[in-house]
Amino acid sequence: MGCGMTFASPFLATLESRGFIHQLTDAGALDAAAAEGMITGYIGFDCTGPSLHIGHLVSIMMLRHLQAAGHRPIVVMGGGTTKVGDPSGKDDARPLLDDAAIAANMASIRTAFERFVVFGDGPSDAVMVNNDDWLSTISYVPFLREIGRHFSINRMLTFDSVRLRLDREQPLSFLEFNYMIVQAYDFLELNRRFGCVLQMGGSDQWGNIVGGADLIRRVEGRQAWGLTTPLITRADGSKMGKTAAGAVWLNRDLLPDFDYWQLWRNTDDRDVARFLKLFTDLSLAEIDGVMAGDINAAKVRLATEATALCRGQEAADAAAATAAATFGGGAGEALPKFAVAEPVTILDALVGLGFAASKGEARRLVAGGGARVDGEAVVDEGVMVGPGGKVSAGKKRHGLIIAV
RNA sequence: GGAGGGGUGGCCGAGCGGUCAAUGGCAGCAGACUGUAAAUCUGCCGGGUUUUCCCUACGUUGGUUCAAAUCCAACCCCCUCCA
């Protein structure tokens, strides 16, 4: 969508040209600040799950572009805000997580960032902080007097996150109602600690972000800005992040490299150009070149570039090589494997590889003509497969039987 | 507090004493066509069992029946209207 403006600062110009910008506050002043010198910006991430997923990728890429343009990114782990729970875009309150669960999720999540931004002590090196560090020590009455007085209930009631709940007569607890205040306070705290002047996030965060920028202006008398991305959906209307098979995790231990690569490889034709801009480092000129060629080659390029960013070049190349070999009729190393001591039936092999949830489902797969051993369709469910065999379910799912 | 309506398979939504593992739609999986895409058409779509067999399922717990998702009772939860 974008705002159609032209920007003087490389950072905003890049975001705009690549489709990252949905809304931003005082574009002219932010552009001037970013053009003039280094700025510090942040994005917060909740720790409600064990890993971030590709729905978070747009935000992560913005931090990457921020750093690439010579600015300083701050990754805020929402150890504290996760305890409150963001009502934005939700009909119901999320179950509250305990400290141990949040800490575990946070530890798992932080590893994903190391591939996208460079952490360190240099001026534009990324910083990671946990907002629990300052939120958990807040004293109630002093907080109300310093921060709470700047928030108008009248206005808070008009924010979408609150209004939608009230309009639908869904419950909204006082705890959740405070989320925006707590997030606004984060921005203030980051402004004080790091001179952070920009908060970015998804479009559902607009209210929270503006709240923070307002708070900084009122308390510190300084200007701060907010920027949101559009909600990225696939051509079929589905949201990024999830497929019917489950969340598309960034962490390798939750989703194998090959599966991650395959996911991008199977991108809808209509999404390829857009995704190349959002999820790879290729320049716009390179993308034009790629798109001018074969669409399937473009998808391979998207898959390899996106996988390299998230999982490393080596993993991306291995996945690409495996795909080339496997879909060329052979088999690649990165395929799922099932270790057996002696030959098993095709049914057990399909279940063992995770291609069928039950023997009944495996049976149906065979009956429907979808099962293959070494490329040959299996018609008899009694067929045995031993180590070295390649088992396929449909055209896209392939696995290897190996010896224990 | 009073009066109604409802809770069904991943989701939506029929069924309202046996013929119900439960119509239909969506999602999903597979086949055909293709390009590891989309669209379209076809099949499958609780679990086990080499299959006119067994198990588990229609909010929960009991009951009536030869037989219940379907009837009764109590309880839990949701919605609407009245106070």
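Details of the structure are given in the entry above.
Presented here is a report on the structure given in the accompanying data block. Keep in mind the model is a prediction, meaning the values are calculated, not measured. (Residues numbered from 1 in each chain as written. Chains lettered and ligands numbered in written order. Predicted model: local features only at pLDDT ≥ 70, side-chain atom pairs only at ≥ 80, totals over all residues. Heavy atoms only, no water.)

1. Let's talk about the protein's contact with RNA strand B
Thinking step 1. What surrounds RNA strand B is a group of 29 residues, the closest being Gln 262, Asn 266, Asp 269, Arg 364 and Lys 395.
Thinking step 2. When the atoms of RNA strand B within 4 Å of the protein are sorted by group, sugar and phosphate make up 68%.
Thinking step 3. Taking Lys 395, its side chain carries an N or O atom lying 2.6 Å from a base oxygen of RNA strand B.
Thinking step 4. With respect to RNA strand B, the side chain of Lys 396 contributes an N or O atom lying 3.2 Å from a phosphate oxygen.
Thinking step 5. Mapped onto the surface near RNA strand B, the elements with two or more residues apiece are helix 12 (257-265), helix 15 (295-311), helix 16 (313-327) and helix 18 (359-367).
Thinking step 6. Looking at the surface near RNA strand B residue by residue, the class counts come to 7 nonpolar, 10 polar and 12 charged. (Near = heavy atom within 4 Å. Polar contact = N/O pair within 3.5 Å; in protein donor to acceptor, adjacent residues only side chain to side chain. Helix = DSSP H or I, 4+ residues; strand = E, 2+ residues; numbered from the N terminus. Nonpolar A, V, L, I, M, F, W, Y, C, P; charged D, E, K, R; others polar.)

2. Remarks on the packing of helix 13 (residues 272-279) against helix 15
Thinking step 1. Two elements in contact, helix 13 and helix 15, have axes separated by 10 Å at closest approach and are oriented at 25 degrees. Classed by the angle they form, the pair helix 13 and helix 15 counts as roughly parallel. For the crossing formed where helix 13 meets helix 15, the hand is left-handed. Residues Val 272, Phe 275, Leu 276 and Phe 279 of helix 13 pack against Ile 295, Ala 298, Lys 299, Leu 302, Ala 306 and Leu 309 of helix 15.
Thinking step 2. Each residue belonging to the contact of helix 13 with helix 15 can be placed in one class, and the counts come to 9 nonpolar, no polar and 1 charged. (Axes fitted to C-alpha atoms, helices over the stretch in contact; angles between N-to-C directions. Parallel < 35°, antiparallel > 145°, perpendicular 65-115°, else oblique. Left-handed = near helix turned anticlockwise from the far one by under 90°. Contact = heavy atoms within 4.5 Å.)

3. Re the nonpolar core
Thinking step 1. Ranked by size, the top nonpolar core spans 66 residues in total, and within it Phe 113, Trp 264 and Phe 279 carry the most contacts.
Thinking step 2. If one sorts the elements of this core by residue count, helix 3 (residues 57-68) sits on top with 7 residues.
Thinking step 3. When residues of this core are assigned to domains, at least three map to each of domain 1 (10-229) and domain 2 (256-327).
Thinking step 4. Trp 264 has contacts with Ile 54, Leu 57, Met 240, Phe 275, Phe 279, Lys 299, Leu 302, Ala 303, Ala 306 and Thr 307, leaving out every residue within four places of it along the chain. (Core = buried A, V, L, I, M, F, W, Y, C linked by side-chain atoms within 4.5 Å. Buried < 20%, exposed > 50% of the residue type's maximum accessible area, 1.4 Å probe, protein only. Domains from an automatic or database assignment.)

4. A few points about the state of the cysteines
Thinking step 1. Tallied over the entire structure, the rule returns 0 disulfides.
Thinking step 2. Unpaired in this structure, Cys 47 has its nearest cysteine sulfur neighbour in Cys 310, at a distance of 17 Å.
Thinking step 3. For Cys 47, a relative accessible area of 0% gives the class buried. (Disulfide = S-S within 2.5 Å.)

5. Observations regarding the packing of aromatic side chains
Thinking step 1. Evaluated as defined, the whole model comprises 8 aromatic pairs.
Thinking step 2. Measuring from centroid to centroid gives 6.2 Å for Tyr 260 and Trp 264, while their planes differ by 70 degrees, and the two rings are edge-to-face. In this pair, Tyr 260 and Trp 264 are both assigned in helix 12, 4 residues apart and thus about one turn of the helix distant.
Thinking step 3. With a relative accessible area of 0%, Tyr 260 lands in the buried category.
Thinking step 4. Trp 264 sits in the buried class, given a relative accessible area of 1%.
Thinking step 5. Within the aromatic cluster, the residues linked to one another by ring pairs are Tyr 260, Trp 264, Phe 275 and Phe 279. (Phe/Tyr/Trp six-rings, centres within 6.5 Å; stacked < 30°, edge-to-face > 60°.)

6. Section: the pairing of strand 2 (residues 40-46)
Thinking step 1. For strand 2, the tally of buried residues reaches 5 of 7 residues, placing the bulk of the element in the interior.
Thinking step 2. By the bridge criterion, 7 bridges tie strand 2 to strand 3 (residues 72-78) in an arrangement that is parallel. The residue bridging Tyr 42 from the neighbouring strand is Ile 74, located in strand 3.
Thinking step 3. The parallel pair strand 2 and strand 3, bridged by helix 3, forms a crossover whose chirality is right-handed.
Thinking step 4. In this sheet, strand 5 (residues 196-202) lies alongside strand 2 in parallel orientation, the contact comprising 3 bridges. Its bridge partner lying in strand 5, Gly 41 is registered against Leu 198. (Pairing = 2+ DSSP bridges. Right-handed = clockwise from strand over helix to strand, strands pointing away.)

7. Quick look at the sheet that holds strand 11 (residues 371-373)
Thinking step 1. Taken together, the 5 strands give an open sheet; going across it, the order is 9-15-14-11-12, and neighbouring strands pair in mixed fashion. Each of the sheet's edge strands pairs with one partner strand only, and the pair in question is strand 9 (337-340) and strand 12 (376-377).

8. Regarding the environment of Asn 296
Thinking step 1. Within the element layout of this structure, Asn 296 appears in helix 15.
Thinking step 2. Taking the C-alpha atoms as reference, Asn 296 lies 8.6 Å from Asp 269; in sequence the two are 27 residues apart.

Note that all results are geometric; they support no functional claim without further evidence.
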